[in-house]
Amino acid sequence: MRGTLTGRTMLVTGGSRGIGRGMAEALAEAGATVVLTARTEDGARMTAAEIGSGAVGVAYDASAGRAATEDFAEAVWRETGGVDALFNNAGTVVMKSALDTVESDWSEMIAANLSGVFWSCQSFGRRMLERGSGKIVNISSDIGIRGEAGWSAYSATKGGVVALTKSLAWEWAPTVTVNTIAPGPFDTPANAPAFSIPEVMEMVNARVPLGRVGEPRRDLGPLAVLLGGPGSDFMTGAVFRVDGGICRS
């Protein structure tokens, strides 16, 4: 993959850890200039320094709303000269049953996982359309496709991301492509507390046909490079399941 993205600028929101970091590392290795975000400037800059290859870290809160996202997009566009591919990965997780979910839980996940993705698509998509090219990749989840007990609000937001992606693909073709990645169970800091329990890990591995959880850099990196580069020029509105087969047909 080395050199396939040379000369291109990629933005990865929530790129300081987990799935976002794995994609950012792969994009940088492929030659892209990577801008990654985290909620704190220190966290973003530290990760960018560890990745190297000219990576830049900036603070950004995906749940901050339309005006803040527009300001962020304007600043990034001005400083970089334009973003070739946007990876909307930032989000949050609240694992509760439907009956235990309170209004603040619902509002938090809608703001970060769905509204944040929409405003980001709008702000960067408008600029891509004006320039005449661009790629957007929204990160959903296998739970947004198949559902799961105890994840009702989360699954609703991630299912919304899939629907949003498909609609934007129709609206913005042929100038801007819009695709989504739906990861399954991955080895990330967010999942670490649960996966550190042997019984939980055994149960998860048993449910995944490939018999293991995913590794961000290994299992998502190559797809991120494909979707951010010319190899995906004839792909839009697609949902790429990277879940070890857990979403069984």
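Preceding block: the structure.
Residues numbered from 1 in each chain as written. Predicted model: local features only at pLDDT ≥ 70, side-chain atom pairs only at ≥ 80, totals over all residues. Heavy atoms only, no water.

A. Inspection of the pairing of strand β3 (residues 56-59) at higher detail. In terms of strand pairing, strand β2 (residues 33-38) meets β3 through four bridges, oriented parallel. Among the inter-strand pairings, Leu36 is bridged to a residue of β3, identified as Gly57. Assessed by its sense of winding, the connection that carries the chain from β2 through helix α2 (residues 41-51) to β3 is right-handed. (Pairing = 2+ DSSP bridges. Helix = DSSP H or I, 4+ residues; strand = E, 2+ residues; numbered from the N terminus. Right-handed = clockwise from strand over helix to strand, strands pointing away.)

B. Local environment of the environment of Met109. In this fold, Met109 is placed in helix α4 (residues 103-131). Apart from the residues lying within four places of it in its own chain, the contact partners of Met109 are Thr92, Val93, Val94, Leu114, Ala153, Tyr154 and Thr157. (Contact = heavy atoms within 4.5 Å.)

C. Seen up close, α2. Every buried residue of α2 is accounted for by Ala44, Thr47, Ala48 and Ile51. Taken down its axis, α2 places every buried residue within 100° of arc, on the same side. Those residues of α2 that are exposed and angled more than 90 degrees off the buried face are Asp42, Arg45, Met46 and Ala49. The inward-facing, buried residues of α2 contact α1 (18-29), β2 and β3. Trailing α2 by a residue or two, Gly52 shows a phi angle of about 70°, which is positive. (Buried < 20%, exposed > 50% of the residue type's maximum accessible area, 1.4 Å probe, protein only. Arc of directions from axis to C-beta.)

D. Layout of the packing of α1 against helix α9 (residues 216-228). Following both chains from N to C, one finds α1 and α9 inclined at 55°, their axes separated by 8 Å at the closest point. Here α1 is positioned oblique relative to α9, judged by the angle of their axes. Along this stretch, α1 crosses α9, giving a crossing that reads as right-handed. Residue-level contacts link Gly18, Ile19, Gly22, Met23, Glu25, Ala26, Leu27 and Glu29 of α1 to Pro216, Arg217, Leu220, Gly221, Ala224 and Val225 of α9. Residue classes in the contact of α1 with α9 are distributed as eight nonpolar, three polar and three charged. (Axes fitted to C-alpha atoms, helices over the stretch in contact; angles between N-to-C directions. Parallel < 35°, antiparallel > 145°, perpendicular 65-115°, else oblique. Left-handed = near helix turned anticlockwise from the far one by under 90°. Nonpolar A, V, L, I, M, F, W, Y, C, P; charged D, E, K, R; others polar.)

E. Summary view of helix α3 (residues 66-80). In this model α3 runs 21 Å from its N-terminal to its C-terminal C-alpha over 15 residues, within 8% of the 21 Å that 1.5 Å per residue would give. Every buried residue belonging to α3 is among Thr69, Glu70, Phe72, Ala73, Val76 and Trp77, and all of these are buried. For α3, the arc enclosing every buried residue in end-on projection is 160°, short of the 170-degree limit, so these residues lie on one face. Seen from the buried face of α3, the exposed residues on the opposite side, beyond 90 degrees, are Ala67, Asp71, Arg78 and Glu79. Summarising the contacts, the buried residues of α3 are in contact with β1 (9-12), β2, β3 and α4. (Expected span 1.5 Å × (residues − 1).)

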